[in-house]
Amino acid sequence: MQDHSVVIQELDFRYGSSPALKNINLEIPAHGVTAFIGPSGCGKSTLLRCINRMNDEIAIAKITRGSIHINGIDIHDRSVDVVKLRRDVGMVFQKSNPFPRSIYENVAYGIRLRGEKNKAVIDQSVQEALEAAALWDEAKDRLDESALGLSGGQQQRLCIARTLAVKPQIVLMDEPCSALDPIATAKVEDLIFQLKSDYTFVIVTHSMQQAARVSDKTAFFYMGELIEFGDTARIFSNPTVKKTEEYITGRFG
């Protein structure tokens, strides 16, 4: 049986009285990249935020039916520590959001929050996270400088380093390259490709070219429903649902 990091079953989700997701059934495999595609407002970012319970912060947001299991554990079980869940399921947002602190402190923050006090261990962990995010060579001589002095692409890689520093199992990415130029986008995509054997990535993207380049599996959403899910190569070359074909060929969206 294939190992699935995330299993979503019969999920219904609402914002107030407005349904946002309807009967979502999806199994996201471990150690690979799954892309969520679809037109704006189709529910892909909402579903992404369900996986680490970020929607809990929105008063009118509510799952009305169904479940999400990560490695066999129901993430809404009363025994689940939401802070730990969000450490295990990290998130990189559309707009890079470094703290107004030094490059070093941005990465060290989560390590300290996890309870680590040994400076040598923190130093090593910061270096490893920056290396994993392909930022160490660019940042090693300026670790005490403000993170806000980095370029947009470097800031986004710093946010990825900050996420990786606390050793998550899963990394959620919500349009991580939408504000970046093509060179910075290529660096982030290369990073995802290099790290996917160690992490499970779920990426929301409006760019079908990006989904085709970086993902192993693709899920197409439309009006809150999962229309089609499968191997990326098949979804883009031979979709089985007409609506998927229409979206991929640019007839709407």
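Up top is the structure.
I will try to describe carefully the structure that is included in this document. (Residues numbered from 1 in each chain as written. Predicted model: local features only at pLDDT ≥ 70, side-chain atom pairs only at ≥ 80, totals over all residues. Heavy atoms only, no water.)

1. Focus on the sheet that holds strand E9 (residues 217-222)
Pairing is mixed across the open sheet formed by six strands, whose spatial order is E6-E7-E8-E3-E9-E10. Across the chains shown, the open sheet's two edge strands, defined by having one partner strand only, are strand E6 (89-92) and strand E10 (225-231). Averaged over all pairs of adjacent strands, the angle between their axes in this sheet comes to 15°, without regard to strand direction. Looking at chain direction, E6 and strand E7 (residues 170-174) are connected through four bridges and run parallel. By the bridge assignment for E7, Met 91 is matched with Leu 172. Sitting on the sheet, helix H1 (residues 44-51) touches strand E3 (33-37), E6, E7, strand E8 (200-204) and E9, and the angle it makes with E7 is about 150°. (Pairing = 2+ DSSP bridges. Helix = DSSP H or I, 4+ residues; strand = E, 2+ residues; numbered from the N terminus. Axes fitted to C-alpha atoms, helices over the stretch in contact; angles between N-to-C directions. Contact = heavy atoms within 4.5 Å.)

2. As for the packing of aromatic side chains
A ring pair, where both rings are aromatic, is described by two values, the distance of the centres and the angle of the planes. Applying the stated criterion to the full structure yields five aromatic pairs. Consider the rings of Phe 220 and Tyr 247, whose centres lie 5.1 Å apart with planes at 25°: the pair is stacked. Here the residue Phe 220 occupies a position in strand E9, and Tyr 247 occupies one in helix H10 (residues 242-248), the gap between them amounting to 27 residues. Looking at Phe 220, the relative accessible area reads 0%, which means it is buried. Under the relative-accessibility criterion, Tyr 247 is labelled buried at 4%. A cation over an aromatic ring shows up here: Arg 162 above the ring of Phe 99, its NZ or CZ 4.2 Å from the ring centre. (Phe/Tyr/Trp six-rings, centres within 6.5 Å; stacked < 30°, edge-to-face > 60°. Buried < 20%, exposed > 50% of the residue type's maximum accessible area, 1.4 Å probe, protein only. Lys NZ or Arg CZ within 6 Å of the ring centre and 35° of its normal.)

3. A short note on H1
Turn by turn, an α-helix covers 3.6 residues, leaving residues three or four places apart pointing in a common direction. Among the eight residues that make up H1, six are buried, leaving the element largely enclosed by the rest of the structure. Buried within H1 are the following residues: Lys 44, Thr 46, Leu 47, Leu 48, Cys 50 and Ile 51. Following H1 by one or two positions, Arg 53 adopts a phi angle in the positive range, close to 60°.

4. Regarding the pattern of salt bridges
Going through the model one piece at a time under the given rule, you end up with 18 salt bridges. A salt bridge links Arg 65 to Glu 10, with the shortest nitrogen-to-oxygen separation between them at 3.5 Å. Pair noted here: Arg 65 is in strand E4 (residues 61-70) and Glu 10 is in strand E1 (residues 4-15), with a separation of 55 residues, a long-range link. On the basis of relative accessible area, Glu 10 is assigned to the partly exposed category, the value being 42%. The salt bridge partner of Arg 65 is Asp 12, with a shortest N-O separation of 3.0 Å. Taken together, the positions of Arg 65 in strand E4 and Asp 12 in strand E1 put the pair 53 residues apart, joining distant regions of the chain. (Salt bridge = Lys/Arg side-chain N within 4 Å of Asp/Glu carboxyl O.)

5. Quick look at the nonpolar core
Counting 44 residues, the largest nonpolar core has Val 107, Val 126, Leu 130, Leu 158, Ile 160, Met 173 and Phe 201 as the members making the most contacts within it. Excluding anything up to four places from it in sequence, Met 173 contacts Leu 48, Val 92, Ile 160, Ile 192, Phe 201, Val 202, Ile 203 and Val 204. Ile 8, Cys 42, Ile 51 and Leu 85 belong to the second-largest nonpolar core, a separate cluster that totals 30 residues. (Core = buried A, V, L, I, M, F, W, Y, C linked by side-chain atoms within 4.5 Å.)

6. Describing the packing of helix H3 (residues 103-113) against helix H6 (residues 152-164)
Geometrically, a packed helix pair is captured by the angle between its two axes and the distance between the axes. The contact between H3 and H6 brings their axes to 7 Å, and the two run at 30°. The angle between H3 and H6 places the two elements in the roughly parallel class. Considering how the two elements wind past one another, H3 and H6 form a crossing that is right-handed. Mapping the contact onto sequence places Ile 103, Asn 106 and Val 107 in H3 and Leu 158, Ala 161 and Arg 162 in H6. A breakdown of the residues in the contact of H3 with H6 according to their chemical character gives four nonpolar, one polar and one charged. (Parallel < 35°, antiparallel > 145°, perpendicular 65-115°, else oblique. Left-handed = near helix turned anticlockwise from the far one by under 90°. Nonpolar A, V, L, I, M, F, W, Y, C, P; charged D, E, K, R; others polar.)

7. What about the environment of Gln 94?
One can find Gln 94 in the loop between E6 and H3. Residue Gln 94 is classed as partly exposed on the basis of its relative accessible area of 42%. Sequence-distant contacts of Gln 94, defined by excluding residues within four places in its chain, comprise Gln 156, Asp 174, Glu 175, Pro 176, Ser 178 and Ala 179. A polar contact of 3.2 Å, which involves the side chain of Gln 94, links it to the side chain of Ser 178. (Polar contact = N/O pair within 3.5 Å; in protein donor to acceptor, adjacent residues only side chain to side chain.)

Any link to function would need more than the numbers given here.
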